[in-house]
Amino acid sequence: MSNLISENESLPRNCTFEEADWKILAQHWYPVALSREVTGAPIAAKLLDEPLVIYRLGEEIIIANDLCPHRGVPLSMGKFNGEGITCAYHGLQFGKAGKCTHIPANPDRNIPEKLHLKTYPVIEMYGLVWTCLNPGINDSSTICPMPFWDDPDFQQITCPWIDIYGFAGRQIEGFLDVAHFGFVHTATFGDSNNTVVPPYNAVHHSTGFEVDYWSTVGNYPIGVSGIGKPGFNWLRRFNMHLPFTATLIVHFPDDKKLVIMNAASPVSAKVTRLFAPIGRNFDKELPIQDVYDFNKKVFEEDKAIVEVQKPECLPLDPRMEAHITADRSSIAYRKGLRDMGLSRFFIS
């Protein structure tokens, strides 16, 4: 049973969010690691300014505050000894459910309750490890669904994460944006001669909204020849799952489909760790590294833009930035965040 955070608990040290915003965002689930990178050895992560340690013991993954209760040293500095992780300072050992199981200096004494770690719930899904800092309202069933992930005809690929030094709301807004393809993604798939955005609408649902966007902008890597169909009208179906996760289904010719999840995990209000599981029912024989490399280029093109946007936070007051007709997804997204009760996200 996890020792869960309470509503009245103080915010993380040096919190970059407004208190009311942090409490709302802490109720949602976010990925904090790739499943394949979590072994016995402790790894450090951070979510909503809260430092976390993640380790695996047998079939169980443990996520806890990255702080030894004894003298406050990060447990991510420690080691795995086969039975749990040990603190680098005094060797205290922590095992299943974050329980302290051994104190080298006093091995025959009872272990006080205060020495057990504060842990958080864990779910492995889409090749990612997800957690929630305050799951009193939303259980793991509220995690954004990934279309076709369990379809045997689809290949499952979980790309390496990438850190973006900007706010998660700015990053996810860019993922939803369809007007930047011909300007930002000119080295990957964008077409600088095809920048007109045909009309589209956002259709709201209980967890966000959906957009069907049709255009003649393709999704093949630039420089690849002999594929595609001239004049093909591409469907991109976006599904926004508030606050910071979205999926995109790109419909290729011949009923081929590419599914991308954009899970923008808020390390802080100024840093985002982007996770991107991918599914596809074509080109399954090609090297996975090619997928990693291509998507890294796309992510880095977006990263360069997000990291220079001002203000760094996402302005939720519609009067703070100008808008164009092509911004319907962005406008729907900002409204959705306002409807959640969020404000401006971080303290300047």
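Coordinates for the structure precede this section.
Values in this document were obtained by computation on a predicted structure and should not be read as measured data. (Residues numbered from 1 in each chain as written. Predicted model: local features only at pLDDT ≥ 70, side-chain atom pairs only at ≥ 80, totals over all residues. Heavy atoms only, no water.)

Asker: Is there a simple way to explain the overall build of the chain in this structure?
Answerer: For the chain, the count of helices and strands is five helices and 20 strands. In terms of overall size, the chain behaves like a compact globule, its C-alpha atoms giving a radius of gyration of 22 Å where 348 residues would be expected to give roughly 20 Å. Oriented by its inertia axes, the alpha-carbon framework of the chain measures out at about 75 × 50 × 30 Å. Here the chain holds 348 residues, and 51% of them are scored as buried. (Helix = DSSP H or I, 4+ residues; strand = E, 2+ residues; numbered from the N terminus. Rg over C-alpha atoms; globule rule 2.2 N^0.38 Å. Buried < 20%, exposed > 50% of the residue type's maximum accessible area, 1.4 Å probe, protein only.)

Asker: I'm lost on the nonpolar core in this one. Help?
Answerer: As a rule of thumb, nonpolar side chains are buried together in soluble globular proteins. Counting residues in each nonpolar core, the largest one holds 59 residues, and the members touching the most others are L48 and Y333. A total of four residues in this core trace back to one element, the largest contributor, which is helix α2 (residues 168–176). Residues contacting Y333, with those up to four places away along its chain left out, are G169, I172, E173, L176, F209, M240, L242, P243, F244 and L314. (Core = buried A, V, L, I, M, F, W, Y, C linked by side-chain atoms within 4.5 Å. Contact = heavy atoms within 4.5 Å.)

Asker: Would you mind going over the packing of aromatic side chains with me for this structure?
Answerer: How two aromatic rings sit relative to each other is set out by the distance from centre to centre and by the angle between their planes. This structure, assessed with the given rule, holds eleven aromatic pairs. Pairing F175 with F238 gives two aromatic rings, centres 6.0 Å apart and planes at 85 degrees, and the pair type is edge-to-face. Of this pair, F175 sits in helix α2 while F238 sits in strand β16 (residues 234–241), and the two are 63 residues apart along the sequence. The burial state of F175 is the same as that of F238; both residues are buried. Seen in terms of ring centroids, W234 and F252 are 4.9 Å apart; in terms of plane orientation they differ by 75 degrees. Their pairing is edge-to-face. Of this pair, W234 sits in strand β16 while F252 sits in the loop between β17 (245–251) and β18 (257–266), and the two are 18 residues apart along the sequence. With respect to burial, W234 and F252 carry one shared label: buried. Following the ring pairs from residue to residue traces out a cluster consisting of F232, W234, F252 and F282. Here R273 stacks its cationic end above the ring of W161, 3.5 Å away from the centre of that ring. (Phe/Tyr/Trp six-rings, centres within 6.5 Å; stacked < 30°, edge-to-face > 60°. Lys NZ or Arg CZ within 6 Å of the ring centre and 35° of its normal.)

Asker: I tried to follow the side chain of N65 on my own but got confused; where do I start?
Answerer: Tracing the chain through its elements places N65 in strand β4 (residues 60–65). At a separation of 2.6 Å, a polar atom in the side chain of N65 contacts the side chain of E50. Reaching out from N65, the side chain makes a polar contact with the side chain of Y120 at a distance of 2.9 Å. (Polar contact = N/O pair within 3.5 Å; in protein donor to acceptor, adjacent residues only side chain to side chain.)

Asker: Please explain the sheet that holds strand β10 (residues 123–125) as it appears in this structure.
Answerer: Backbone-to-backbone hydrogen bonds join strands into a sheet, with any given pair of strands oriented parallel or antiparallel. Ordered by their spatial adjacency, three strands build an open sheet running β1-β11-β10, and the pairing between neighbours is antiparallel. Each of the sheet's edge strands pairs with one partner strand only, and the pair in question is β1 (30–34) and β10. Going from strand to strand, the sheet's axes swing by 40 degrees on average, the running direction of each strand aside. As judged from the three bridges shared by β10 and strand β11 (residues 128–131), these two strands associate in the antiparallel manner. Bridge assignment links E124 to a residue of β11, and that residue is V129. (Pairing = 2+ DSSP bridges. Axes fitted to C-alpha atoms, helices over the stretch in contact; angles between N-to-C directions.)

Asker: Sorry if this is basic, but what is going on with the pattern of salt bridges here?
Answerer: Pairing is possible between side chains that carry opposite charge, provided their charged atoms lie close to one another. Within this structure, the stated rule accounts for 13 salt bridges. Across the pair R170 and E173 runs a salt bridge whose closest N-O atoms are separated by 3.9 Å. Linking R170 with E173, this pair stays in helix α2, spanning three residues, or about one helical turn. Assessed through its relative accessible area of 3%, R170 is described here as buried. We classify E173 as buried; its relative accessible area is 9%. Here E321 makes a salt bridge to R170, at a shortest N to O gap of 3.0 Å. (Salt bridge = Lys/Arg side-chain N within 4 Å of Asp/Glu carboxyl O.)

Asker: Looking at this structure, I do not really get the side chain of E301. What am I missing?
Answerer: Turning to its location among the elements, E301 is positioned in helix α4 (residues 288–306). Comment: no salt bridge for buried E301; closest opposite-charge side chain is K297, at 8.6 Å. At a separation of 2.7 Å, a polar atom in the side chain of E301 contacts the side chain of T188. Sequence-distant contacts of E301, that is, excluding residues within four places in its chain, are made with V184, H185, T186, A187 and T188. (Lys, Arg positive; Asp, Glu negative; His and termini not counted.)

Asker: Help me understand the environment of K96 in this model?
Answerer: Residue position: K96 is located in the loop between β7 (93–94) and β8 (100–102). Note on K96: relative accessible area 53%, which makes it exposed. Beyond its immediate chain neighbours, meaning those up to four positions away, K96 contacts L57, E60 and I62.

Asker: For this particular structure, what's the right way to read unusual backbone geometry?
Answerer: The phi torsion of most residues other than glycine is negative, and most of the peptide bonds are trans. Here the bond from L242 into P243 is cis, since omega is 5 degrees, no more than 30 degrees from zero. Residue placement: P243 occurs in the loop between β16 and β17. With an omega of -5 degrees, the peptide bond running from K310 to P311 counts as cis. Along the chain, the position of P311 falls in the loop between α4 and α5 (328–339). We note that N14 has phi near 55 degrees; this positive angle belongs to a residue other than glycine.

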